Amino acid sequence: KERARYATYRAEDDDNTPQRLEVVGDLKAAVDEEQFFLEYQPKLELATGRIVGMEALVRWNHPTRGIVRPDDFIPLAESTGLITPITWFVIGHALRQQRDWRARGHDVSMAVNLSVRHLTDMSLPDRIAVELARWEVPADRVVVEVTETSVMSDPKRAIGVIHHLRRVGVSVSVDDYGTGQTSLAYLRRLEI
């Protein structure tokens, strides 16, 4: 005979707190009103100290809270689906900036981060190709960075997307390697 079970409500265990729901609403408004901006982290060649690339990093300028750290909004954006418009904002603005730098004689690569949601989106490589053409940026000057855990969430689809990105001409790199359980031999299959 099964015994009756019960649980006591604890506000700290509830993901749908009023504060979280408010931030979700704010994040939706941030997408609609383009409250985001990019900062660029240089990538240096160690032997010469020369800047060879940049990584586009998204920031949120909240109208009342000021600058919101990515760690405080990216997981929420991923869980709500808002990561998609944020990612396309990043890609578009980063490629436009890269085009402008190239016009001034600064030929550096541009890295952008992709979430697990994008790494399983088979249309992603074609959409990136459209953006490359729009901003007149050569594909071989763009690097998409993925995390080890995003690759392993759906390896078969991720491999398909990565191979298609490589056919478009975009490079792929693994960010934060070593945080999961992926072997170097497996990464070799991904052409990273």
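Everything that follows concerns the structure shown earlier in this document.
Note that residues are indexed from 1 along each chain, following the sequence as it is written. Reporting of local features is limited, given that this is a predicted model, to residues whose pLDDT is at least 70; pairs of side-chain atoms are given and counted only at 80 or more, and all residues count toward the totals for whole chains, interfaces and linings. Remark: hydrogens and water are excluded; side-chain values derive from all non-hydrogen atoms of the structure.

**Some details on empty space enclosed by the protein**
- Only protein atoms enter the 1 Å grid, on which a cavity is a set of points fitting a 1.4 Å probe that cannot get out and a pocket is an open set with protein on both sides within 12 Å along at least 5 of 7 lines, lining residues being those with an atom within 4 Å of a point. Grid points are joined across faces, edges and corners, and a volume is the space filled by probe spheres set on the points. Tallied over the entire structure, the rule returns 1 cavity of 30 Å³ or more.
- The calculated volume of the largest cavity comes to roughly 50 Å³.
- In terms of lining, the largest cavity is formed by I91, L95, M110, V112, I128, V142 and V144.
- Sorting the residues of the lining of the largest cavity by element identifies helix 3 (83-103), strand 4 (109-113) and strand 5 (142-147) as the ones contributing at least two each.
- Nonpolar residues are Ala, Val, Leu, Ile, Met, Phe, Trp, Tyr, Cys and Pro. Charged residues are Asp, Glu, Lys and Arg, and all others, Gly as well, are polar. Class assignment for the residues of the lining of the largest cavity results in 7 nonpolar, no polar and no charged. Each helix corresponds to a stretch of at least 4 residues labelled H or I by DSSP, and each strand to a stretch of at least 2 residues labelled E; elements are numbered beginning at the N terminus.

**Some details on the layout of surface pockets**
- What the largest pocket holds in volume is close to 440 Å³.
- The wall of the largest pocket is formed by 19 residues, among which V58, P70, I74, I83 and N113 lie closest to the centre.
- Looking at side-chain class alone, the lining of the largest pocket contains 10 nonpolar, 4 polar and 5 charged residues.

**Some words on helix 2 (residues 70-80)**
- Every buried residue belonging to helix 2 is among F73, L76 and A77, and all of these are buried. All buried residues of helix 2 fall inside an arc of 105° around its axis, so they share one side.
- Positive phi appears at G81, one or two residues downstream of helix 2, with a value of about 85°. Throughout, exposure labels follow a simple rule: accessible area from a 1.4 Å probe, protein chains only, divided by the maximum for the residue type, with under 20% read as buried, over 50% as exposed, and the rest as partly exposed. Think of it as the arc spanned by the lines of direction from the helix axis to the C-beta atoms.

**Brief notes about the packing of aromatic side chains**
- Put simply, two rings from Phe, Tyr or Trp (the six-membered ring, in Trp's case) pair if the centres are within 6.5 Å, and we call them stacked under 30 degrees between planes, edge-to-face over 60, tilted for the rest. One pass over the structure, following the stated rule, counts 5 aromatic pairs.
- Geometrically, the ring pair formed by F36 and F73 is tilted, given 5.8 Å between the ring centres and 35° between the ring planes. Taken together, the residues F36 in strand 1 (residues 36-44) and F73 in helix 2 connect sequence positions 37 residues apart.
- Ring centres of Y40 and W101 lie 5.0 Å apart, and the angle between their planes is 75°; on these two criteria the pair is classed as edge-to-face. Of this pair, Y40 sits in strand 1 while W101 sits in helix 3; the two residues are 61 residues apart in sequence, bridging distant segments of the chain.

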